[in-house]
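# Results of the structural survey
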Amino acid sequence: APSLGRRLAAVVFVDGARVIETTERNLDAVSESRFVRAARGQGQGRPPVWIMRQAGRYLPQYRKLRESHTFVEMCTEPDLAVEVSLQPWREFGMDAVIVFYDILFVPEAMGAPLEFTERGPVFHRPVASRADVDGLRRPEKGSASGPIVESLRRLRASLPREVAVLGFAGAPFTLAAYLVEGDFRRSGDRIRRLIHAEPEMIDALLDRITEATIEYVNEQVDAGADAVQLFDTWAGLLGLDHYERFAARYQKPIFEALRERDVPAILYVNGASHLLERLPACGATVFSLDWRTPLVAARRAFGSRIALQGNLDPTVLFAPPDEVARRTKDMLESMRNDPSYIVNLGHGILPETPVASVRAFIDTVREADA
Ligand code: CP3
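Below, the structure is looked at part by part. Predicted model only: the values in this text are computed from it and were never measured.

The secondary structure content of the protein amounts to 16 helices and nine strands. Here the protein has a C-alpha radius of gyration of 20 Å; the compact-globule value for 370 residues is 21 Å, and the two agree. Expressed as lengths along the three principal axes of its C-alpha atoms, the size of the protein is roughly 55 × 50 × 40 Å. Residue burial in the protein is summarised as follows: out of 370 residues, 56% are buried. A separation of at least 24 residues holds for 71% of the contacts in the protein among residues at least 6 apart in sequence. Counting every atom, the protein has about 15,500 Å² of accessible surface; 51% of that belongs to carbon and sulfur. Side chains of the protein carry 46 positive and 51 negative charges; the gap between the two charge centres is 2 Å.

With that settled, consider the site of the ligand. Close to the ligand lie 22 residues; Arg 53, Arg 57, Tyr 62, Asp 102 and Thr 233 are nearest. The contact in question runs from a nitrogen atom of the ligand to an N or O atom on the side chain of Asp 102, over 2.7 Å. Between the ligand and the protein, one listed contact pairs an oxygen atom with a side-chain N or O atom of Thr 233 at 2.6 Å. In the complex, 87% of the free accessible area of the ligand, which totals 870 Å², lies under the protein chains. When each cavity is represented as a set of grid points, the ligand is found to reside in the largest pocket. Of the residues belonging to the shell around the ligand, the class tally is 15 nonpolar, three polar and four charged.

Judged by pairing direction, the sheet is parallel, and its seven strands sit side by side in the order β1-β4-β5-β6-β7-β8-β9 without closing on themselves. Of all strands in the sheet, those with a lone pairing partner are β1 (96-98) and β9 (341-345), marking the two edges. Each strand axis lies, on average, 25 degrees off the axis of its neighbour in the sheet, ignoring direction. Two strands pair when backbone bridges link them, and strand β4 (residues 164-170) and strand β5 (residues 227-231) are joined in this way by five bridges, in the parallel orientation. When the sheet's bridge partners are listed, Phe 168 is paired in β5 with Gln 229.

Time to look at the pairing of strand β3 (residues 120-123). Sheet topology note: the strand β2 (residues 114-117)/β3 ladder contains four bridges and is antiparallel. Within the sheet, the bridge partner assigned to Glu 115 lies in β3 and is Val 122. Adjacent in sequence and paired antiparallel, β2 and β3 are bridged by two residues.

For the rest of this paragraph, the subject is helix α9 (residues 146-158). Taking 1.5 Å as the rise per residue, α9 with 13 residues should run 18 Å; its terminal C-alpha atoms sit 19 Å apart, in good agreement. Inspection of α9 places Pro 147, Ile 148, Val 149, Ser 151, Leu 152, Leu 155 and Arg 156 among the buried residues, and these make up the whole buried set. Elements in contact with the buried residues of α9: α5 (71-76), α6 (78-92), β1, β4 and α12 (199-222).

So, on to the nonpolar core. Residues Phe 35, Phe 173, Tyr 243 and Phe 361 are the most contacted members of the largest nonpolar core, which totals 130 residues. Counting residues per element, this core draws most heavily on α12, at ten residues. Contacts of Phe 35, omitting those with residues within four sequence positions, involve Pro 48, Trp 50, Asp 95, Ala 96, Ala 164, Leu 166, Ala 227, Ile 266, Gln 309 and Ile 342.

Moving on, we get to the packing of aromatic side chains. Centre distance and the angle of the planes are the two values used to describe a pair of aromatic rings. Summed over all chains, the structure comprises nine aromatic pairs. Between the aromatic rings of Tyr 101 and Phe 105, the centroid separation amounts to 4.6 Å while the plane-to-plane angle is 45 degrees, which identifies the pairing as tilted. On the basis of relative accessible area, Tyr 101 is assigned to the buried category, the value being 7%. Clustering of aromatic rings is evident, with ring pairs tying together Tyr 62, Phe 71, Phe 100, Tyr 101, Phe 105 and Phe 116. For Arg 245, the ring lying beneath its charged end belongs to Phe 246, and the centroid distance is 4.4 Å. Between the NZ or CZ atom of Arg 292 and the centre of the ring of Trp 291, over which it lies, the distance is 4.2 Å.

Quick notes on the rules
Residues numbered from 1 in each chain as written. Predicted model: local features only at pLDDT ≥ 70, side-chain atom pairs only at ≥ 80, totals over all residues. Heavy atoms only, no water. Helix = DSSP H or I, 4+ residues; strand = E, 2+ residues; numbered from the N terminus. Rg over C-alpha atoms; globule rule 2.2 N^0.38 Å. Buried < 20%, exposed > 50% of the residue type's maximum accessible area, 1.4 Å probe, protein only. Contact = heavy atoms within 4.5 Å. Areas by Shrake-Rupley, 256 points an atom, 1.4 Å probe, with all protein chains shown as cover. Lys, Arg positive; Asp, Glu negative; His and termini not counted. Charge placed at Lys NZ, Arg CZ, Asp CG, Glu CD. Near = heavy atom within 4 Å. Polar contact = N/O pair within 3.5 Å; in protein donor to acceptor, adjacent residues only side chain to side chain. 1 Å grid on protein atoms, 1.4 Å probe; cavity = no way out; pocket = protein on both sides within 12 Å on 5 of 7 lines; lining within 4 Å. Sits in = over half its atoms within 2 Å of the grid points. Nonpolar A, V, L, I, M, F, W, Y, C, P; charged D, E, K, R; others polar. Pairing = 2+ DSSP bridges. Axes fitted to C-alpha atoms, helices over the stretch in contact; angles between N-to-C directions. Expected span 1.5 Å × (residues − 1). Core = buried A, V, L, I, M, F, W, Y, C linked by side-chain atoms within 4.5 Å. Phe/Tyr/Trp six-rings, centres within 6.5 Å; stacked < 30°, edge-to-face > 60°. Lys NZ or Arg CZ within 6 Å of the ring centre and 35° of its normal.

This is the structure we're talking about:
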């Protein structure tokens, strides 16, 4: 295909040593993974489907394993992480498997003490001053990435090529928000105040996180990730100007790093309706839309410049299975024949979601014709 040729030519000039690896990756992806084909705008037949947070507490298998292990053990022991990553795939047969881990292990490896409590994650010493920022270190090689890299390797080795293996990271703004807020059941006021009170401090913090994240995603690609999703969950808290200045600006070098490796990047932002106009230029290959904006409206705004992922409201899965199937069909119909579409929810699946409705959602997509 001509586009493949162009990509290869670009890579040859950048880095001769990576050519062979990239060639193989491309040929594999283009010929064998429904997910990567759609991400690259080459989808055929039904769209691929997976679910954000597809491994988790709504699954009895997950809860069973979780009874005898902490969440951190499940993330950091590759035997457990691989098992949990595979549970939803065995149960429902999604087109992509996301590795089991958490976005907050990167800031932890930078030196911020983290605890996952019953009520969610907490940073015990929130970042409050320039001295706190300067106290954060560049993660030692493998300290954040060791477990996720090993889990990705094993997943890639054990799954058929037609199933994509996804890595992920938190975007700099979202990780900075967690570090500053400490406990994110707070409102997000603190980071927005600091942007005005001490913008240089926030830039310094974002710089450090960005540097660590570029290394982190590159290691995931080395381990075999077919695509990488960047979660900028909290960036929707920002107005357009600050989104540009404090979120998009720091996503960009991460997307550039992934582009250089020829690995599709997915961006998720929760509550992004007010940002639509600037998202086509975000640098990601795929934009993962929350449930508030209809996919067709986003497609109209974006043109064909970017693939779309989403966006069934996760609470729809609390409807009876036939209603879930009906709404899923409506969504599929609205994106019919779009070669750059990946089916997902508009945010992570909720812990109490009925399994029968998840099955109705996935089966409806898998049984759809072109
Ligand atoms: O998608 C997947 O299946 C992969 C695993 C994954 C988890 N967290 C597992 C998890 C991914 C991709 C994440 C990303 C993540 N982590 C995000 C961005 C995604 C989003 O929803 O926008 C955020 C904000 C976090 C931070 C985090 N980790 C929070 C807020 C919580 C508590 C919320 C909750 O559901 O309890 C976690 C814990 C967490 N991460 C759980 C899981 C399955 C629940 C842990 C448990 O079993 O008790």
